[in-house]
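Each chain, written out:
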Amino acid sequence: MSEMRDAGVLIRLAVQAMVKAGIDLPLLFSKLGIDESYLQTAHLRTPHEAQPLFWGLLEEQTGDPDIGLHLGQHLPVFKGQVIEYLFLSSPTFGDGLRRALNYQRLISDAADSNLIVEGDTCFIQVVTATGGTRKIRHFNECFAQGMIAFFKSITDDAFEPECIEFEHEEPLNVDEVRRVFGCDVKFGCTENRLYFNTSMLDRRSPHAEPELLELHEQFASEQVARIEKEDVVVQVNKIIAELLDSGEVTLESVAERMEIKPRSLRTKLSDIDTNFNQILADYRYKLARHLLAKTSETIDEIVYLTGFSEPSTFYRAFKRWSGMTPIEYRKSKL
């Protein structure tokens with residue numbers, strides 16, 4: 001997999017929480033280099049590697065060293081997604097949980113969580129990130145609150161955490177963390193874990209419906225298949241970025257880097273209703289807008305960085321994309 005991504009619903013829930021918390025969203029979006037329209041992108045999936053940047057900027061802007069813990073208290077309950085429907089239409093909470101774990105990619109490519117049963121107690125290995133991101137305290141504490149709130153919602157508040165273990169180091173406000181979670185919380189552990197009583201796995205769902213469950217599983221499978229197909233677009237964009245300044249950005253050169261035949265790449269892109277020229281144009285337009293609005297690079301340098309052979313070609317393309325010349329666009333962003 002070329003790049004791990006998180007489902008857009010995660011950032012949308014975070015945005016709703018930030019609105020409730022009174023955080024200046026336009027300022028944060030500006031620092032992140034996005035705008036509100038970005039949140040409405042169809043099938044939005046955000047780069048998982050951006051998590052450290054997001055939480056770092058949020059802490060800096062709010063001046064709150066416990067921003068993840070506090071933001072988690074404003075999170076709306078995760079609703080209206082196929083993961084919720086899998087839980088509700090399954091016979092028991094345990095059945096729903098096991099099915100949901102089969103479709104973790106619907107939440108994040110970085111998710112690799114498992115259910116472990118040990119007698120009267122069981123736990124979920126809450127693996128939601130890799131590398132340095134795993135020990136981001138803000139992300140861990142916010143995500144854990146969202147998970148618990150979701151479990152409470154689908155069990156009519158019957159779900160109760162018995163203990164939570166975090167990888168990150170113990171914070172100064174340990175008592176506040178434990179108060180928020182309502183259970184024992186341990187830090188500096190080998191992995192993030194959410195413990196609860198094994199009896200919860202047998203809790204019956206009043207909404208269980210075999211026929212609906214079959215439809216929900218089919219839909220979940222189709223969504224995962226779509227994500228897998230879209231992985232190729234992410235990979236193509238990454239290769240375009242690497243090749244752009246060489247001027248050798250063609251379907252053939254990208255396919256060679258992917259170690260597949262050009263015809264296979266063309267077919268893969270056609271399967272998700274796009275083509276190489278469209279992906280290349282979208283990438284160039286996004287890069288050009290960023291360079292014009294966020295940097296002081298000269299137009300000649302931007303022509304080179306976006307892979308155009310001469311300024312006139314770049315001008316015509318940008319006018320076609322935006323309805324403005326590059327200079328007009330830059331002035332509009334001042």
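As shown above, the structure is provided for reference.
The rules behind each value
- Residues numbered from 1 in each chain as written.
- Predicted model: local features only at pLDDT ≥ 70, side-chain atom pairs only at ≥ 80, totals over all residues.
- Heavy atoms only, no water.
- 1 Å grid on protein atoms, 1.4 Å probe; cavity = no way out; pocket = protein on both sides within 12 Å on 5 of 7 lines; lining within 4 Å.
- Points joined across faces, edges and corners; volume = space filled by probe spheres on them.
- Helix = DSSP H or I, 4+ residues; strand = E, 2+ residues; numbered from the N terminus.
- Nonpolar A, V, L, I, M, F, W, Y, C, P; charged D, E, K, R; others polar.

Colleague: Quick rundown of the layout of surface pockets? Include the residues and the values.
Modeller: Its boundaries defined by the atoms lining it, the second largest pocket holds a volume of some 320 Å³. Lining the second largest pocket are 19 residues, and of these Ala7, Gln81, Leu106, Gln223 and Arg226 lie nearest its centre. Elements with a contribution of two residues or more to the lining of the second largest pocket: α1 (8-20), α6 (82-89) and α10 (210-243). No other element matches the four residues that α10 contributes to the lining of the second largest pocket. Split by residue class, the lining of the second largest pocket holds 11 nonpolar, five polar and three charged.

Colleague: A description of empty space enclosed by the protein should follow, citing residues and the corresponding values.
Modeller: Leftover empty space is mapped by rolling, across the atoms, a probe with the size of a water molecule. The full count for this structure, using the stated rule, is three cavities of 30 Å³ or more. There is about 100 Å³ of room inside the largest cavity. Along the wall of the largest cavity there are 14 residues; nearest its centre are Val126, Asn140, Ala144, Phe166 and Asn192. Taken together, the elements giving at least two residues each to the lining of the largest cavity come down to α8 (137-154), β5 (161-165) and β7 (193-197). Taken together, the residues that form the lining of the largest cavity break down as nine nonpolar, three polar and two charged. When its volume is computed, the second largest cavity comes out at roughly 80 Å³. Together, Phe87, Leu88, Phe93, Ile154, Thr155, Asp156, Arg203, Arg204, Ser205 and Pro206 line the second largest cavity. For the lining of the second largest cavity, the residue count by class is five nonpolar, two polar and three charged.

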